[in-house]
Every structure is written in C-alpha cells, then in structure tokens.
Amino acid sequence: MWILDRYIFRELMKFFILSVSILTLVLFLDQLHFLSEMILNRGVAIQDVLILLLYISPAFLALTIPLSVLFASLMTFSRLSADNEIIAARASGMSMYRLMLPVFFLSFVTYLASSYIMLNLQHRGNYAFKNFIFQISIRKADFDIKERVFNDNFKELIMYVEEREIGTSRLKGIFIYDSQRDSDPHIITAREGTFISHPESMKIILQLKDGTIHRMGDTMDRYQLLSFYNYDILIDMQEGEGKMAVIKEPREMSLKELKNRIEELRKENKETFIEKVEIQTKYSLPFACIVFGIFGAPLGIRVHKSGRRGGLGVGLIIIIIDYILLVAGQSLGREGRISPIIALWFPNILIGWIGIYLLKRISREEMPFEFIVRIGDKLSLLTGRVLEKVKR
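The structure displayed is predicted, hence computed values, not measured ones. (Residues numbered from 1 in each chain as written. Predicted model: local features only at pLDDT ≥ 70, side-chain atom pairs only at ≥ 80, totals over all residues. Heavy atoms only, no water.)

## Details of the overall build of the protein
Okay, so step 1: Scanning the protein from N- to C-terminus turns up 11 helices and six strands.
Okay, so step 2: Within the protein, the proportion of its 392 residues that are buried is 44%.
Okay, so step 3: Across the protein, the fraction of contacts at a sequence separation of at least 24, relative to all contacts at a separation of at least 6, is 65%.
Okay, so step 4: Accessible surface, the protein: about 21,200 Å² in total, of which carbon and sulfur atoms supply 61%. (Helix = DSSP H or I, 4+ residues; strand = E, 2+ residues; numbered from the N terminus. Buried < 20%, exposed > 50% of the residue type's maximum accessible area, 1.4 Å probe, protein only. Contact = heavy atoms within 4.5 Å. Areas by Shrake-Rupley, 256 points an atom, 1.4 Å probe, with all protein chains shown as cover.)

## Brief notes about the packing of helix H7 (residues 255–267) against helix H8 (residues 273–302)
Okay, so step 1: The interhelical angle for the contact between H7 and H8, taken along N-to-C directions, is 155°, at an axis separation of 9 Å. Comparing the axis directions of H7 and H8 gives the class roughly antiparallel. The handedness of the crossing between H7 and H8 comes out as left-handed. For the pair H7 and H8, contact is made by Leu 255, Leu 258, Lys 259, Arg 261, Ile 262, Leu 265 and Arg 266 and by Glu 275, Lys 276, Glu 278, Ile 279, Lys 282 and Tyr 283, respectively.
Okay, so step 2: Among the residues making up the contact of H7 with H8, the classes are represented as six nonpolar, no polar and seven charged. (Axes fitted to C-alpha atoms, helices over the stretch in contact; angles between N-to-C directions. Parallel < 35°, antiparallel > 145°, perpendicular 65-115°, else oblique. Left-handed = near helix turned anticlockwise from the far one by under 90°. Nonpolar A, V, L, I, M, F, W, Y, C, P; charged D, E, K, R; others polar.)

## Some remarks on the pattern of salt bridges
Okay, so step 1: Applying the stated rule across the entire model yields 15 salt bridges.
Okay, so step 2: Between Arg 98 and Asp 5 there is a salt bridge, with the nearest N and O atoms lying 2.7 Å from each other. One end of the pair, Arg 98, is in helix H5 (residues 96–99); the other, Asp 5, is in helix H1 (residues 2–30), and 93 residues separate them in sequence. When sorted by exposure, Arg 98 lands in the same class as Asp 5, which is buried.
Okay, so step 3: Residue Glu 264 pairs with Arg 261 through a salt bridge whose shortest N-O separation is 3.7 Å. Placement of the pair is Glu 264 and Arg 261 together in helix H7, with a separation of three residues, close to one helical turn.
Okay, so step 4: Take Glu 264: its relative accessible area is 43%, and that puts it in the partly exposed class.
Okay, so step 5: In the salt-bridge network here, residues are joined through shared partners; they are Glu 11, Lys 14, Arg 79, Asp 83 and Glu 85. (Salt bridge = Lys/Arg side-chain N within 4 Å of Asp/Glu carboxyl O.)

## Some details on the environment of Ile 8
Okay, so step 1: Mapped onto the fold, Ile 8 is located in helix H1.
Okay, so step 2: Taking the C-alpha atoms as reference points, Ile 8 and Phe 77, separated by 69 residues in sequence, lie 8.6 Å from one another.
Okay, so step 3: Each residue touching Ile 8, except ones within four places of it in the same chain, is listed here: Thr 76, Phe 77, Leu 80, Leu 99 and Pro 102.

## Points about H7
Okay, so step 1: Spanning 13 residues, H7 covers 19 Å between terminal C-alpha atoms, matching the ideal 18 Å at 1.5 Å per step.
Okay, so step 2: A positive phi of about 55° marks Asn 269, the residue just after H7. (Expected span 1.5 Å × (residues − 1).)

## Re the packing of aromatic side chains
Okay, so step 1: Using the criterion set out here, one finds eight aromatic pairs in the structure.
Okay, so step 2: On the numbers, 5.1 Å between centres and 70° between planes, the contact of Phe 28 with Phe 60 is edge-to-face. Within this pair, whereas Phe 28 is found in helix H1, its partner Phe 60 is found in helix H3 (residues 46–82), the two being separated by 32 residues in sequence.
Okay, so step 3: By way of ring pairs, the aromatic residues Tyr 111, Phe 287 and Trp 345 are connected into one cluster.
Okay, so step 4: Directly above the aromatic system of Phe 15 lies the positively charged group of Lys 14, at a separation of 5.3 Å from the ring centroid. (Phe/Tyr/Trp six-rings, centres within 6.5 Å; stacked < 30°, edge-to-face > 60°. Lys NZ or Arg CZ within 6 Å of the ring centre and 35° of its normal.)

## Side note on the side chain of Ser 107
Okay, so step 1: As for its placement among the helices and strands, Ser 107 is situated in helix H6 (residues 101–143).
Okay, so step 2: The class for Ser 107 is buried, based on a relative accessible area of 3%.
Okay, so step 3: Here the side chain of Ser 107 touches Val 103 through a polar contact of 2.8 Å, landing on its backbone oxygen.
Okay, so step 4: Once you skip the residues sitting within four places of it in the chain, Ser 107 turns out to touch Val 69, Cys 289, Ile 290 and Gly 293. (Polar contact = N/O pair within 3.5 Å; in protein donor to acceptor, adjacent residues only side chain to side chain.)

## Regarding the side chain of Ser 68
Okay, so step 1: Note that Ser 68 resides in helix H3.
Okay, so step 2: The class of Ser 68 is buried, set by a relative accessible area of 0%.
Okay, so step 3: Residues in contact with Ser 68, not counting those within four places in the same chain, are Phe 16, Ser 19, Val 20 and Leu 23.

## Side note on the packing of H3 against H8
Two measures define how a pair of helices packs: the angle their axes make with one another and the distance between the axes.
Okay, so step 1: Here H3 crosses H8 at 15°, and the two axes come no closer than 7 Å. Put simply, H3 runs roughly parallel to H8. For the element pair H3 and H8, the recorded crossing hand is right-handed. Residues Ala 62, Leu 63, Ile 65, Pro 66, Leu 67, Val 69, Leu 70, Ser 73, Leu 74, Phe 77, Ser 78 and Ser 81 of H3 form the contact with H8, whose participating residues are Leu 285, Ala 288, Cys 289, Phe 292, Gly 293, Phe 295, Gly 296, Ala 297, Leu 299, Gly 300 and Ile 301.

## Overview of the nonpolar core
Soluble globular proteins tend to pack their nonpolar side chains together in the buried interior.
Okay, so step 1: One finds Phe 77, Met 96, Leu 99, Met 100, Phe 295 and Leu 299 to be the most contacted residues of the largest nonpolar core, which totals 46 residues.
Okay, so step 2: No other element matches the 11 residues that H3 contributes to this core.
Okay, so step 3: With near-sequence residues (within four places) excluded, Leu 99 lies in contact with Leu 4, Ile 8, Phe 77, Ile 86, Ala 89, Arg 90 and Met 94.
Okay, so step 4: Grouped together as the second largest cluster of nonpolar side chains are 18 residues, Phe 134, Ile 174, Leu 206 and Leu 208 included. (Core = buried A, V, L, I, M, F, W, Y, C linked by side-chain atoms within 4.5 Å.)

## Some remarks on a nonpolar patch on the surface
Okay, so step 1: Side chains of Phe 105, Phe 108, Val 109 and Leu 112 sit close together on the surface and give an oily, nonpolar patch of about 390 Å² of accessible area.
Okay, so step 2: With respect to the secondary-structure elements, Leu 112 resides in helix H6. (Patch = residues over 30% accessible without salt bridge, like charges linked within 9 Å, V, L, I, M, F, W, Y side chains within 5 Å.)

Any link to function would need more than the numbers given here.
Have a look at this one:
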C-alpha cells in the first residue's frame, strides 16, 4: 500500500515541479519587456536584474504553487485513470479516499509553504522590489544627465545642463522647464545644483543655488521674476519613471502592519476595505492549495477519457474561472460592495464544494457532470488539430 502511495506521490511531484516551473516562467516572461527596458535604456547590470527577479519571486510563487497543485492532482489522476490503474487499486479494496492520501499530503505541505510565503516573504519582496527600482532611479538621475542636451528623464520636467562634474552629482549652468505642479509652468535657471537622495524618507531632491524663477500667466499680462540663493525641487518620480516616495502600500505590508493601518484609518473614520481585502488574500490564497488538491483528483478521473490534453484543457478553464472570480472579488471588496471575507473566500468555497461533491460521487462509482467529458473531448480534438498543423 505504501508502495502505491510513493508511486502516486512521485507522479504528483513530477507534474507539480513541471507546473511550477512553467507557470513561474510565464510570469517572468510577462516582465520581460520591463526588464529589457531596464537593461537597455537605464544601463542596469545583469546582476541587478537577477536581484529584481529574486524580489518578485515570492509574489509569483504565491500564485503558481496553488495552481500547480491543481495541475498535479488533475494530470496525475487523469493518467492513472486512463491507464486503468485507479480501477486496479479500487478492485484490490482501496477506497478513493485512501488513494487521495498523497494528494492530501502534497496539498497540506504546499499550503504551509504558500502560507509562509504570503505571510513572511511576499510583502518584503514587493517592497524590496519597489525600493530597488527607486535606487536605480536615483542612479539614473545622477549619471544620465547629459551636458548641453535637453534631458527629459523626468516626466513634466525638462533640464538643460551646461556642465556636469565627472564622478559627482553636481551640475552647473542649469536651465529647467518645470510643469510638475498644478500651477502655471515656470522656468528656473541656476548657477549650480546637486541631486540629494534621502533613503530614510525615500525622496530625491534637486538643490539649486543662485538662480531665478520665471513665471508667466495664461493671459500673458502677468509675469513674475523671483531670485533665490537656495531652492529645492522635489522630483516627482511617482508620475515619471520611478518613485518619489516609496510609501508602503497594502501589498507591501505585513499582517501586523495591515492591522495597525486599519486601526489608524478607523480612528480617522476612513474606509479600510483595501487593507481587509489584503489580509483575507494572505489567508485565502494559500488555502487554495487544499481546495485545488481535493478538486483536481476526482476531476482528473472524470475527464480521463479525454487523455492528458483534455485534462490540461479543463485545468486551464478552471484556472481562468478561478482567476476571474478572484479578481472580481478583490475589485468588489476594495470598493466595499461586498464583504472582503466573501470576496476572497467565495472561489475557495465554490471550487471546494464542487471538489467534495465530485469526490463523494466518484467514491460511490457514480459519474457526475457528463458535460465535463464532452468539453475535454472537444479540447483534446482541438489541441490535436493544432499540433498537427504545427508539425506540418
């Protein structure tokens, strides 16, 4: 009996590792344009890009681990059923629940791993990613300002520099067209200036010395000329190519920070829907490992007639449905239209209920949801035709 458990568990791990690798790679490829832009346009080193990938890995794994449990259980039991190994095990006296023991074990272990990632790593990785982008923006501000050229590195701020001291951030002969604020755009000239970064407040400030500010109204009949000895410009990187102030958002807060934030907002009589949705996400997303494990195995047996391609197609449909429900729930929860608990736990409850229903029916050797087999057959046929055209 333990030999069969190890056999099933090896099959599960094979599909699980393959699914995690492929799904994570797909998410990384989604960031390919951004990363290539960082390398080509900002001159970011390859090792810095690898650090960025490391920072966003927890957020990716939080999504790919539950989905991989679904694929692993679905594909494993679909193959076992197609090879009549499920029938042989049932004929020897093993119940369906006993056959599910390796799935339960995998689901529980991945639930613990996913919970650790969500509660301890994801928010740190998200904040470190944003912080690292900010530091890159500082380096870009320091070293990409070119002499005797109109630099548009920052949105709504054009800068012309007569001279830049090599190896420092000191600029001389500065001309700036500033349209960052809601007021009328104005022109600033200064003898020299220096970029100053403040890591504790996460801001970039351009300190100007010995200059003038020229302002003109829309009607052209109002003109102001101001002189200054020291003048600071806060570079609005949030609307440009970086971050003006890397303030922690809910996705970058720990559980304790979210709870403290909720208390602060309540004292100010402000809404706390976004923070509550993030808290429920930290619990509901890992729990999907258990839900998908229970759901995938009986579903795999149910669609075994369609083979591996059909099982893969049904798995993709379930992922799309779950993703739509999750995104819709988060959106409605953040807007306060429904309770955050209902918004984030409804997909788990729905899929979990269907999984338990399938498991009970199949354990009694009943075949529910005949339309699932038909969908799998059509998907298998469609996939086969596509592969044949590709081979040709």
